[in-house]
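As a plain string of letters, each chain reads:
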Amino acid sequence: FNERIYNFSAGPSMLPLPVLEQAAAEMTNYRGSGMSVMEMSHRSKAYLSIFEETKADFKRLLAVPDTHEILFMQGGATLQFAAVPMNLIGTTGKADYANSGNFANLAAKEAKKYGEVRIAASSEDKNHTYIPAQSALKISPDAAYFHYCANNTIEGTEWKYIPATGGVPLACDMSSNIMSKPVDVSKYGVIYAGVQKNMAPAGMAVVILDKKLAGKELAYTPKLMSYQVLLDSDSMHNTPPCYTIYMLGLVLKWLDRQGGLAGMEKIKAERAKILYDYLDGSPLFKGCASPEARSDMNVTFRTGNEELDAKFAKEAAAAGFENLKGHRNVGGMRASIYNAMPTEGVVKLVEFMKNFELKNK
Ligand code: PMP
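Residues numbered from 1 in each chain as written. Predicted model: local features only at pLDDT ≥ 70, side-chain atom pairs only at ≥ 80, totals over all residues.

J.: Can you lay out the domain arrangement of the protein for me, pointing to particular residues and giving the numbers?
T.: Along its sequence, the protein is organised into domain 1 (18-257) and domain 2 (259-359). In this complex, domain 1 contributes 24 residues to the contact, which on the side of domain 2 involves 23 residues. Taken together, the elements giving at least two residues each to the side of domain 1 that touches domain 2 come down to strand S6 (151-152), strand S7 (157-158) and helix H6 (242-257). When its residues are assigned to classes, the side of domain 1 that touches domain 2 shows eight nonpolar, eleven polar and five charged. (Domains from an automatic or database assignment. Contact = placed C-beta atoms within 7 Å. Helix = DSSP H or I, 4+ residues; strand = E, 2+ residues; numbered from the N terminus. Nonpolar A, V, L, I, M, F, W, Y, C, P; charged D, E, K, R; others polar.)

J.: For the UniProt feature "domain: Aminotransferase class V" (unreviewed entry) in the protein, give the residues involved together with the corresponding values.
T.: Here the UniProt feature "domain: Aminotransferase class V" (unreviewed entry) sits at residues 5-348. Structurally, residues 5-348 comprises 33% helix and 17% strand, and the distance from its first C-alpha atom to its last is 11 Å. (UniProt positions renumbered as here; feature names shortened; annotations may be inferred.)

J.: So, unusual backbone geometry: which residues are in play, and what are the values?
T.: With glycine set apart, most residues show a phi of negative sign, and most peptide bonds adopt trans. Cis geometry is adopted by the peptide bond preceding proline 12, which originates at glycine 11 and carries an omega value of -10°. Positionally, proline 12 belongs in the loop between strand S1 (6-7) and helix H1 (17-25). Notably, alanine 63 is not glycine yet its phi reads approximately 50°, a positive angle. Along the chain, the position of alanine 63 falls in the loop between helix H2 (45-61) and strand S2 (68-73). For aspartate 234, which is not a glycine, the phi torsion comes out positive at approximately 50°. Here aspartate 234 lies in the loop between helix H5 (227-232) and H6.

J.: Mind laying out the environment of arginine 334, listing which residues take part and the relevant values?
T.: The topology assignment puts arginine 334 in strand S14 (residues 333-336). Between the alpha carbons of arginine 334 and isoleucine 154 there is a distance of 8.0 Å; along the sequence they are 180 residues apart. When residues no more than four places from it in sequence are discounted, the contact partners of arginine 334 are Ala10, Gly156, Asn298, Val299, Thr300, Leu324, Gly326 and His327.

J.: How would you sum up the sheet that holds strand S10 (residues 205-210)? Please name residues and give values.
T.: Neighbouring strands of a sheet are bound in pairs by backbone hydrogen bonds; such pairs are parallel or else antiparallel. One open sheet accounts for seven strands, arranged S2-S10-S9-S8-S5-S3-S4; its pairing is mixed. Edge positions in the sheet fall to S2 and strand S4 (116-122), since each of these pairs with one other strand and no more. On average, each strand axis in the sheet is inclined to that of its neighbour by 20°, with strand direction left out of account. Where strand S9 (residues 190-194) and S10 come together, five bridges link them in antiparallel fashion. Paired with valine 190 across the strands is leucine 209, a residue of S10. Packed on one face of the sheet, helix H4 (residues 102-111) meets strand S3 (94-99), S4, strand S5 (146-149) and strand S8 (170-173) and runs near 160° to S3. (Pairing = 2+ DSSP bridges. Axes fitted to C-alpha atoms, helices over the stretch in contact; angles between N-to-C directions.)

J.: Please set out the pairing of S4 residue by residue, giving values where relevant.
T.: Every regular strand shows the same layout, with side chains that alternate between the two sheet faces. Where S3 and S4 come together, six bridges link them in parallel fashion. Following the sheet pairing, aspartate 96 is matched in S4 by arginine 118.

J.: Kindly report on the sheet that holds strand S11 (residues 286-287), identifying the contributing residues and their values.
T.: Read across the open sheet, the three strands follow the order S11-S12-S14; overall the sheet is antiparallel. Every other strand in the sheet has two partners, leaving S11 and S14 as the edge strands with one partner each. Judged from the two bridges that link them, S11 and strand S12 (residues 298-302) form a sheet pairing that is antiparallel. Along S12, the bridge assignment pairs glycine 287 with phenylalanine 301. Strands in contact with helix H7 (residues 260-281) are S11, S12 and S14; relative to S12, the strand with the most contacts, it is inclined by about 15°.

J.: Before we move on, can you summarise H2 with the specific residues and values?
T.: If you check H2, its first and last C-alpha atoms are 24 Å apart, about what 17 residues at 1.5 Å a residue would give, namely 24 Å. Buried within H2 we find Tyr47, Ile50, Phe51, Thr54, Lys55 and Phe58. Angularly, the buried residues of H2 cover 125° about the axis, an arc narrow enough to put them on a single face. Opposite its buried face, H2 presents the exposed residues Lys45, Ser49, Glu52 and Arg60, each directed more than 90 degrees away. Where H2 is buried, its residues contact S2 and H6. (Expected span 1.5 Å × (residues − 1). Buried ≥ 20, exposed ≤ 12 C-beta atoms within 10 Å, placed from the backbone. Arc of directions from axis to C-beta.)

J.: Explain the UniProt feature "binding site: pyridoxal 5'-phosphate" (unreviewed entry) in the protein to me, using residue names and the numbers behind them.
T.: The positions that UniProt labels "binding site: pyridoxal 5'-phosphate" (unreviewed entry) are, in the present scheme, Ala77, Thr78, Phe103, Thr153, Asp173, Gln196, Asn238 and Thr239. The greatest C-alpha distance among the annotated residues, which extend across 163 residues, is 30.7 Å, indicating that they are dispersed rather than converging on a single site. Position of threonine 78 among the secondary structure elements: in helix H3 (residues 76-88). Given 15 C-beta atoms within 10 Å, threonine 78 falls into the partly exposed group. Setting aside chain neighbours within four positions, we find aspartate 173 in contact with Ala77, Phe103, Ala107, Cys149, Ala150 and Tyr192.

Given below as structure tokens:
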């Protein structure tokens, strides 16, 4: 009853145990301040030092160049589906989108409210089990930006290359794989990510913006969605999600202790390989994604029999492996194995799957 389980939820997801323990220890009296971080004025000295350190750690870990700034914005990744076009589409009125899955498609649909959206590539023909190749991307020079989703959380596919756009600004949803590996931020006009998978409890998105793209928002853009307003106010135009930012700070310190993003990249590749190697040899379970497009964050698989899938998810939950049921759009199973999932969790899951396989041949 009191034991922590392995939580394979797609988001919100596991947080590192040492982070939760530190937050608990600091909950009622943050480092002698006499109050919880939850109770601090966002303008107070104590809070500003948390805020600035978190920003600095974020920039250092992801090697964010001076041309770019990070913004903390509420509304999750979904609000960015609107914020990106509101801020960027105005230059030409047109944008190109790759439809590589559910969230990529939702982003494109939302953008249609603000300008002309063209689908530059799609993997819909094969249920989004693969990632379009560079040669398949039709990006026009008059696009204000090209948008793609780096990791398709529901389908379990991940882009293995950064699209070349011929100078068109690159916009990317990295909600489900940010901070899992180093990224060349200089290639991007804007990156955004909801924090609740790899970084922090839910409550905001982090936006990494090439500053030269700010200041061109559509006239009716709400103030709180204007990248320029957020830049000018250092993400404090109004009260920011203070506690989520504090938790992000603790997670970033933990990431440092794992060897930063180079360390994380090694860990996540090994962790995912354990599961994929097993799936490749299993007579019962089959991976859903095309092998060259497989995500190291969301592993989708199925038995081919819906009843057996349901039985598996139920028995796994009872054994302490929670949230393995796949998304309703795709069915089957999905193991989300973000940064905070210990490798041991995947090793034990595979043991459980082997046993299930033996009993259900
Ligand atoms: N994009 C991706 C890739 C996601 O996985 C999700 C959430 N699962 C979203 C966007 C939506 O995020 P939010 O709930 O933060 O709006």
